[in-house]
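# Chains, contacts and geometry: an overview
The chain contents come next:
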Amino acid sequence: MKFAPLNEQMDVIKRGVSEIIPEDELVRKIEKSIKTNKQLIVKLGCDPSRPDLHLGHSVVLRKLRQFQDLGHLAILIVGDFTGMIGDPSGKSKTRPSLSLEETRKNGESYFDQAKKVLSDKNIKMIYNSDWLGKMSFADVIKLTSKYTVSQMLEREDFHTRFNKEEPISLHEFLYPLAQAMDSVAIESDVELGGTDQKFNLLVGRSIQREFGKEAQVILTMPILPGTDGIEKMSKSLDNYIGISDSPREMFGKTLSIPDKLMYDFFLLATNVPNSELTELKTEIANNPRDTKRRLAREIVTLYHSQEAAIASEEEFDRIFVKKDVPDVIEEMQYSTTGSSVNILQLLTETNLAPSKGEARRLIEQGGISINNEKISDAKSEILMNEPKIIKVGKRKFLKVIPG
RNA sequence: GGGUAGGUAGCGAAGUGGUUAAACGCAACAGACUGUAAAUCUGUCGCCCUCGGGCUUCGGAGGUUCGAAUCCUUCCCUACCCA
């Protein structure tokens, strides 16, 4: 294995990063790796409770990919053990804790999606129940003795929740320590994470030292904002662009981001070369419309293909500019007893509307059309003699096939 | 164990016996507009039938009352203070 020179490696590694702590230690680790011809162990923890990956996750995964391409070893740690305990933080009703089997399954699905970003070379996936599951209560007590309550409360979210008199479950304090044990177990040289992970990553450093290991360097990436431009990208806020989204969805969602986010998306979520980045800033200012379309194409190309990118752009124009129908529409078999069916019944039975009241409202507001004809009467009877295309709102389509 | 403050629709938050299906904000949804699924504006936002209603909601259970989210009993949950 031949590693690239230090400067080249650092140029790649530093793109888009928020912090490297401490940077000089990373330099030393890389120098040593070049000299001894040994790959660095780069760790990324993944949460198996939410296995749907989106562009936000991709930021850190892409960084991991860059380490892989530089010849280093990526270790993905699936938190199956921690997932099993379940995390009731926040107000959400006791989140059901997953069984080991479920976390494993989610881990697999995480891995499948992550493979769209990662290389299949220089990679290892490990479950943390391998070592956490073997710890005795005495081991846990020993571990917890190495960290104090005040130190824990330094973490911002604990701190604010504590001050707002919101509940903090005791086991939540154990998560950073468990994560730190992962670093001890695999002897990571570098751990990646979002800036929101900084605290946990730093705990890893001190616990590694406590266990007589060399401390890992931590590398944090900025949090990618969601399509709303305000909150961080997340599935629960529905402001995400999923790695497994269809080209059409990816394209549309990308166009809907606020203009001021474009640069960050180019920087953190695409392969646009470093040399083009400065130029892009002026492009964004001068021609936001076309630049955003390019961004959308870049993203679709990354997860699907160039052809898909071009097709999704064409389709976008067809649906939203020409207000036409997409060429691929979801289909559903639908059978009725009579030859026709009431529109409200049709909408609820096809799950296009959750209730008849909602369906009625959609009709009143002019949001329903069938075969391009607006339905304005909730009493309409729809003749079910041939396939019909139902349109709900601007972008929900369903082809109903009688039978 | 004792005390105090709380638990209201997806979230935040009003409401302390009777036009309260429950103000307001956010989110969501529809329409208009737009380079956009952005922003803005308008409307909607428990369920069922209808334009007049019917039914089910305010942590859980029970009770008082012609009538309760609002009063009482009891249980569960959260935070804080004291031990």
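Note: the structure precedes this text.
It should be emphasised that the depicted structure is a prediction, and the values quoted were computed from it without experimental measurement. (Residues numbered from 1 in each chain as written. Chains lettered and ligands numbered in written order. Predicted model: local features only at pLDDT ≥ 70, side-chain atom pairs only at ≥ 80, totals over all residues. Heavy atoms only, no water.)

### Notes on the environment of T270
- Locating T270 in the fold gives a position in the loop between α13 (262-269) and α14 (277-286).
- Using a relative accessible area of 0% as the deciding quantity, one classes T270 as buried.
- Sequence-wise, T270 and V400 are 130 residues apart; in three dimensions their C-alpha atoms are separated by 38 Å.
- Residue contacts for T270: discarding those within four places in its chain leaves R15, R62, F265, L295, E298, I299 and L302. (Helix = DSSP H or I, 4+ residues; strand = E, 2+ residues; numbered from the N terminus. Buried < 20%, exposed > 50% of the residue type's maximum accessible area, 1.4 Å probe, protein only. Contact = heavy atoms within 4.5 Å.)

### Structural notes on the protein's contact with RNA strand B
- Close to RNA strand B lie 27 residues, the nearest being E165, L255, S256, R360 and R361.
- Among the atoms of RNA strand B close to the protein, meaning within 4 Å, 67% are from sugar or phosphate groups.
- Between RNA strand B and the protein, one listed contact pairs a base oxygen with a side-chain N or O atom of D259 at 3.4 Å.
- At 3.2 Å, a side-chain N or O of K292 approaches a base nitrogen of RNA strand B.
- Counting only elements with at least two residues in the surface near RNA strand B, the list comes to α12 (247-255), α15 (288-303), α16 (306-321) and α18 (356-364).
- Here the surface near RNA strand B is composed, by residue class, of five nonpolar, eight polar and 14 charged. (Near = heavy atom within 4 Å. Polar contact = N/O pair within 3.5 Å; in protein donor to acceptor, adjacent residues only side chain to side chain. Nonpolar A, V, L, I, M, F, W, Y, C, P; charged D, E, K, R; others polar.)

### Some thoughts on the environment of M384
- Relative to the helices and strands, M384 resides in the loop between β11 (381-383) and β12 (388-392).
- Taking C-alpha positions, M384 is 19 Å from A353, a pair spaced 31 residues apart along the chain.
- Sequence-distant contacts of M384, that is, excluding residues within four places in its chain, are made with Y334, T336, S339, S340, V341, V400 and P402.

### Regarding the sheet that holds strand β6 (residues 217-221)
- On the basis of which strands lie adjacent, the open sheet formed by six strands has the order β1-β6-β5-β2-β3-β4 and mixed pairing. Edge strands, defined here as strands with exactly one partner in the open sheet, are β1 (19-21) and β4 (123-127). Strand after strand, the sheet turns through a mean of 25° between neighbouring axes, direction not considered.
- As judged from the five bridges shared by strand β5 (residues 190-194) and β6, these two strands associate in the parallel manner. Residue E191 lies in a different strand from β6, and its bridge partner there is I218. (Pairing = 2+ DSSP bridges. Axes fitted to C-alpha atoms, helices over the stretch in contact; angles between N-to-C directions.)

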